[in-house]
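Tertiary structure, described
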Amino acid sequence: MQKGRYGIHGGQYIPETLMSEIQNVEKMYEFYKNDPEFNEELNQLLKEYAGRPSLLYYADKMTKDLGGAKIYLKREDLNHTGSHKINNVLGQVLMAKKMGKTRVIAETGAGQHGVATATAAALLGLECEIFMGKEDTDRQALNVYRMELLGSKVHSVTSGTMTLKDAVNETMREWTKRVHDTHYVLGSVMGPHPFPLIVRDFQSVISKEAREQVLEYENKLPAAVIACVGGGSNAMGMFYNFIEDETVELIGCEAAGKGIDTALHAATIAKGELGIFHGMKSYFCQDEYGQIAPVYSISAGLDYPGIGPEHAHLHDIKRATYVPVTDDEAVDAFEYLARTEGIICAIESAHAIAHVRKIAHNYSKDDSIIVCLSGRGDKDVAAIARYKGVNINE
Amino acid sequence: MSNINKAFENKKAFIGFLTAGDPCFDKTVEFILDMEKAGCTLIEIGIPFSDPIAEGPVIQEANLRALAKGMTTDKCFELVQEVRKHSQIPLVFLTYLNPVYHYGYESFFKKSKEVGLDGIIIPDLPYEERDEVNDVCTLYDIDLITLIAPTSIERVKMLSENAKGFIYLVSSMGVTGTRSTIETDLEGLITEIRSVTNTPIAVGFGIHTQEQVQKYSSLADGVIVGSAIVKIIAEHGEESSDILKDYIGNLVKIK
């Protein structure tokens, strides 16, 4: 396969102003990924600071309730900063520092990637600016304050649809203004090469651990692994080390919002078409003239009109399956997991929980399924209360 | 020889940019003809895109206004056809890759040729990915314009070698939009480019004053004015004609 390509997907579709820096990032990453000193420092941070390895938790009550496969939850929600985002961020910010950069910038949807980047920047002593759509700064106000506490500047993006895609646009624009001292910490397995590769590599620790853990507990591979997909970073991390295990089903859950037959969804694989945007060839929700469609999901983290190029390829070759999950199903699953297992998960991760509830009974009791619990749900509690019409006097 | 050469023949080029469909189809046609009368030697027509990542706020907003007014790729072709009834001024499209990809490269460039377009600028299509459209552009005689940026210094030879039409020299880091000062070592870049190719060089991004026009016209083969024109259209809408002619006329007489 051509460098930076996943089948026909991927590539480097960015303005000339960024090309030499992108090639520099590519070169630096090729160096650091094989550099023992870098890896030692990163592993130390992942262990001592982020709290890895994360638990693979056997959800006994859920298993019994669903009456099929054994359900395991990969507890990325227990990482420092509360989501899988820290895995990628520690890698990229450490690399940025070693590259001599003094400033990092990042987009964020729900705020999890922004909080993680602000955290790593504080820890490693880099200046940090976060771009977040105004819709999202409104619905995730707590995360905005968190980032500010961590010493970052948060820009509320008012262009376009004021959500994640516009935050990405604005971060790219900012990067073209200042590349000499600034690294763009892209938060998902998307964008121009080498970002889909870098983010996947840093997130693949999820499946590396999960595979070892499940083999230890079950002495066999799981029947399926499931994760939610916006850009697709936790899913790519959850899938990666199982791709070669052909018996393991890989299932990604897209945000179907109000339903894929309405205009209000972010289900890229179900409804999108091939396109070239945000630096990559992949699938995108778009109109008949290739204008990027405004998308919708209750989950700010899945509210993105595209999907990472490696997912697009796994879909093309039918190695992974992508299914739509609605807002209602996700909110139901959010409450279900809280009541059944005592875990308040991120509304993003609740999309994956919703799907396992639908399919667990199709599997035998000897099978296991791993669900990636990508983040914790504190940030979503107020929004869920609003969704349910509950007044909690925020 | 490409029609684009006419813009540079025995003179410094003055390239004006506007967004198709802002404030409406008919006015865009009228403004293009006005701009030619005022002294533009080439017009860049922006096909509006929902997410123009290389643009500053002024052109971003023009894109969204045009889309809200119902501008489409097909109507942009009609617009060129309409201009061609009155003028043979060199015309290039500026748009992003997705609208072109989605239209189908073959259909897009065949249609471009039919309506009389001369070239295209695609800011999110770097040299490394030019194979997407290079052959089909050549087939239909549409010049794929090369962009060179302040960060391109080590790439100049590669970028310039087979440049067609003109070279769009990006004056500054960042996105489009007027700037009070331009700090890039453009002379150095221009010397590099000239050692490789005779393709004319036009400087764009940030240019809006007589001083800038004078300076960059003498350094290069022409200048590109975009955001300043789009801003006039944003402020004066359908009544922009006279102001546009005055503004461009005043800049053109300097070069």
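Summarised in this report is the structure supplied together with it. (Residues numbered from 1 in each chain as written. Chains lettered and ligands numbered in written order. Predicted model: local features only at pLDDT ≥ 70, side-chain atom pairs only at ≥ 80, totals over all residues. Heavy atoms only, no water.)

1. Some words on the packing of helix H10 (residues 227–236) of chain B against helix H11 (residues 241–252) of chain B
All names here are of chain B. Convention followed: Note on geometry: axes are C-alpha line fits, over the in-contact stretch for helices, and angles between N-to-C directions span 0 to 180 degrees. Strands here are runs of E lasting at least two residues and helices are runs of H or I lasting at least four, both read from the DSSP assignment and numbered beginning at the N terminus. Under this scheme an angle from 65 to 115 degrees is roughly perpendicular, one under 35 degrees roughly parallel, and one over 145 degrees roughly antiparallel; angles in between are oblique. For any helix crossing, the convention is left-handed if the near helix is rotated counterclockwise from the far helix by under a right angle, and right-handed if that rotation is clockwise. Contacts between residues were defined by any pair of non-hydrogen atoms, one from each residue, lying within 4.5 Å. Classification convention: Asp, Glu, Lys, Arg as charged; Ala, Val, Leu, Ile, Met, Phe, Trp, Tyr, Cys, Pro as nonpolar; all other residues, Gly among them, as polar.
Look at H10 against H11: their axes get within 10 Å of each other, and the N-to-C directions meet at 155°. As judged from the angle between their axes, H10 and H11 are roughly antiparallel. Considering only the axes of H10 and H11, their crossing is right-handed. The segment H10 lies against H11, with Ala228, Ile229, Ile232, Ile233 and His236 engaging Ile243, Leu244, Tyr247 and Ile248. Class assignment for the residues of the contact of H10 with H11 results in 8 nonpolar, 1 polar and no charged.

2. Things to note about a nonpolar patch on the surface
Note the following rule: Exposure above 30% relative accessible area and the absence of a salt bridge qualify a residue for a patch, where like charges join within 9 Å and nonpolar side chains (Val, Leu, Ile, Met, Phe, Trp, Tyr) within 5 Å. Using a 1.4 Å probe, the Shrake-Rupley method yields the accessible areas, and only the shown protein chains count as cover for residues. A pairing counts as a salt bridge when a side-chain nitrogen of Lys or Arg comes within 4 Å of a carboxyl oxygen of Asp or Glu.
Taken together, A:Ile344, A:Val381, A:Val390 and A:Ile392 make up a surface patch of nonpolar side chains, about 310 Å² in accessible area. Its place among the elements puts A:Val381 in helix H16 (residues 381–387).

3. Focus on the interface of chain A and chain B
Selection criterion: Throughout, buried area stands for the accessible area (probe radius 1.4 Å) lost by two parts on being put together, summed over both. Polar contacts here mean pairs of N or O atoms no more than 3.5 Å apart (in protein, one a potential hydrogen donor and the other a potential acceptor; neighbouring residues in sequence count only if both atoms are side-chain atoms).
Facing the 35 residues of chain A at the interface are 39 residues of chain B. Both faces considered, chain A and chain B share a buried interface measuring about 3000 Å² in area, 52% of it formed by carbon and sulfur atoms. Sorting the residues of chain A by area buried against chain B places A:Glu16, A:Arg173 and A:Tyr289 first, and these three jointly supply 25% of that buried surface. Between chain A and chain B we count 4 salt bridges in total. The partner of B:Asp51 in a salt bridge is A:Lys165, with the nearest N and O atoms 2.6 Å apart. Connecting chain A to chain B are 25 residue pairs in polar contact (both at pLDDT 80 or more). Elements with a contribution of two residues or more to the side of chain A that touches chain B: strand S2 (9–13), helix H1 (16–32), helix H8 (164–177) and strand S11 (273–277) of chain A. At 8 residues, H8(A) tops the list of elements feeding residues into the side of chain A that touches chain B. A per-class count over the side of chain A that touches chain B returns 11 nonpolar, 13 polar and 11 charged.

4. So, the layout of surface pockets
Condition: Only protein atoms enter the 1 Å grid used here. Points where a 1.4 Å probe fits but cannot escape make up a cavity, open sets with protein on both sides within 12 Å along at least five of seven lines make up a pocket, and a residue lines them when an atom lies within 4 Å of a point. Grid points are joined across faces, edges and corners, and a volume is the space filled by probe spheres set on the points.
One number sums up the size of the largest pocket: a volume of about 500 Å³. Along the wall of the largest pocket there are 21 residues; nearest its centre are A:Asn43, A:Leu46, A:Asp201, A:Val205 and A:Lys208. Secondary structure elements with two or more residues in the lining of the largest pocket: helix H2 (36–49), helix H9 (195–203) and helix H10 (205–218) of chain A. The dominant element in the lining of the largest pocket, judged by the number of residues it contributes, is H2(A), at 6 residues. Of the residues belonging to the lining of the largest pocket, the class tally is 8 nonpolar, 6 polar and 7 charged. Estimates place the volume of the second largest pocket at around 350 Å³. Residue lining of the second largest pocket: 20 residues in total, with B:Tyr127, B:Arg130, B:Leu144, B:Ile145 and B:Thr146 positioned closest to the centre. When residues of the lining of the second largest pocket are traced back to their parent elements, those giving at least two are helix H6 (134–139), strand S6 (146–148) and helix H7 (156–160) of chain B.

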